[in-house]
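Descriptive structure summary
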Amino acid sequence: MSKQQRPRILVTGVAGALAQQVIDRLRDHCDLVAVDFREQVYLGDDIPSYCIDFNKRVFEDLFRRYRFDGVIHLGRIMSSQLTRMRRYNANVLGTQKLLDLSHKYGIRRVVVLSTFHVYGAVAYNPAMIDEEAPLKGVGLSADLVDSVELENLANIYLWRYPELNITILRPCNIVGPGVRNSISTLLASERAPVLAGFSPMMQFIHIDDMADAIVLAYNKTQRGVFNVAPEDWVAYQHALKLCGCQRLPIPSVPPILPRLILRTLNLRSFPSYLMHFFKYPVVIDGRAFAREFGFTPRRPLKEILRFYRENKKPV
């Protein structure tokens, strides 16, 4: 009887800290192939790593060559990166190509990383947003269009090709060592802007816990869409205080004013397309994922904020 083969998994977005954490958790039990279209990343002699545009023909050669069992798609480009068109090509057209190839080559398991931003931040959001809530992010900003479209695309494939066993994860703010998103940059800074009169509730998940969640999701074949978030939250301005940030109040009306001020101050960590997320709470309900996958975050909010307090980066 032949020795059971290790699963072979394609991991995208490997230039990011989260993908590298996921790879560390899987490398002892799986054969991994790493891909990122931004840069080539060395992950050790045992993991082939490529810098490839998903829309180029050479990407299909990887599927032919390696005969993957599964795909973990963490390669979503944040709105602060690249131009809008290049981001759309990467996030939407690149994901479509990835899912098409997954179907063509008989992949049996796909995990797609999305974001809670797809829900949008509006004054009348419910207190706890579950997976059935409409995706209002697209109505707020053209910069969030590709995030919503990426998810809609993954949803289409989820129902059209059940054999792909797609799981879509919508995490809250991912933070911690190595994370370079907007909120992490703010928490790590000496001073951070706040919209005067607003301090919405926010949720944070440590990068270690999010990597654990992705591995749990991959290992248990459960199709569907799941929020990933702890059961605690904190007001934005209080979080800044606990992180030792000096708060920089910015008038919130008229709407054009905060945008002008932020542009003048060149505060890229507080992008205008996320303005509403610093105004209205977007608290997501992660209980379905916790129940289905047996997930409990290990890093409490206190520990997350202490890390930023002790690791300040001068602006």
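Here the structure is shown first, and the text comes after it.
Report follows, based on the coordinates.

What counts, and where the lines are drawn
Residues numbered from 1 in each chain as written. Predicted model: local features only at pLDDT ≥ 70, side-chain atom pairs only at ≥ 80, totals over all residues. Heavy atoms only, no water. Helix = DSSP H or I, 4+ residues; strand = E, 2+ residues; numbered from the N terminus. Contact = heavy atoms within 4.5 Å. Buried < 20%, exposed > 50% of the residue type's maximum accessible area, 1.4 Å probe, protein only. Pairing = 2+ DSSP bridges. Phe/Tyr/Trp six-rings, centres within 6.5 Å; stacked < 30°, edge-to-face > 60°. Salt bridge = Lys/Arg side-chain N within 4 Å of Asp/Glu carboxyl O. Axes fitted to C-alpha atoms, helices over the stretch in contact; angles between N-to-C directions. Parallel < 35°, antiparallel > 145°, perpendicular 65-115°, else oblique. Left-handed = near helix turned anticlockwise from the far one by under 90°. Patch = residues over 30% accessible without salt bridge, like charges linked within 9 Å, V, L, I, M, F, W, Y side chains within 5 Å. Areas by Shrake-Rupley, 256 points an atom, 1.4 Å probe, with all protein chains shown as cover.

1. Some thoughts on the overall build of the protein
Counting its regular elements, the protein contains 11 helices and 13 strands. Excluding contacts between residues fewer than 6 apart, the proportion of contacts in the protein whose partners are at least 24 apart in sequence is 75%.

2. So, the pairing of strand E5 (residues 109-113)
Taken across its 5 residues, E5 has 5 buried, putting it largely inside the fold. As paired elements, strand E4 (residues 70-73) and E5 share 4 bridges and run parallel to each other. Paired with Val71 across the bridge in E5 is Val110. Looking at chain direction, E5 and strand E6 (residues 166-171) are connected through 4 bridges and run parallel. Of the residues in E6, the one forming a bridge with Leu113 is Leu169.

3. Thoughts on the packing of aromatic side chains
Going through the model one piece at a time under the given rule, you end up with 15 aromatic pairs. Taken together, a centroid distance of 5.3 Å and an interplanar angle of 90° make the contact between Phe63 and Phe68 edge-to-face. Of the residues examined, Phe63 reaches a relative accessible area of 1% and is grouped as buried. Residue Phe68 is classed as buried on the basis of its relative accessible area of 4%. Here the aromatic rings of Tyr236 and Phe278 are separated by 5.0 Å at their centres, their planes lie at 65°, and the arrangement is edge-to-face. Linking Tyr236 in helix H8 (residues 236-242) with Phe278 in the loop between helix H9 (256-265) and helix H10 (287-293), this pair joins segments that are 42 residues apart in sequence. For the pair Tyr236 and Phe278, a shared accessibility class is recorded, and that class is buried.

4. Digging into the pattern of salt bridges
Within this structure, the stated rule accounts for 15 salt bridges. Measuring nitrogen to oxygen at the nearest pair gives 3.5 Å for the salt bridge that ties Lys56 to Asp53. On the accessibility criterion, Lys56 (48% relative accessible area) is partly exposed. The salt bridge involving Glu60 is made with Lys104; its shortest N-O contact spans 2.6 Å. Taken as a pair, Glu60 in helix H2 (residues 57-66) and Lys104 in helix H3 (residues 84-104) lie far apart in primary sequence, 44 residues in all. Where salt bridges share partners, they join Glu60, Asp61, Arg64 and Lys104 into one cluster.

5. Topic: the packing of helix H1 (residues 17-26) against helix H7 (residues 207-219)
Two elements in contact, H1 and H7, have axes whose closest approach is 9 Å; the angle formed by their N-to-C orientations is 55°. Relative to H7, the element H1 is oriented oblique. H7 is crossed by H1, and the crossing has right-handed handedness. Every residue of H7 that contacts H1 at Ala17, Leu18, Gln21, Val22, Arg25 and Leu26 is listed here: Ile207, Asp208, Met210, Ala211, Asp212, Ile214 and Val215.

6. Looking at a nonpolar patch on the surface
A cluster of nonpolar side chains, Met128, Met201 and Trp233, forms an exposed patch at the surface whose accessible area comes to about 260 Å². Mapping Trp233 onto the fold places it in the loop between strand E11 (224-228) and strand E12 (234-235).

7. Side note on the pairing of strand E1 (residues 8-12)
When you tally the buried positions in E1, you get 4 out of 5 residues, the bulk of the element. Relative to strand E2 (residues 31-36), E1 runs parallel, the two sharing 5 bridges. Bridged to Arg8 within E2 is Asp31. Here 4 bridges tie E1 to E4, and the two strands are oriented parallel to one another. Paired with Thr12 across the strands is His73, a residue of E4.

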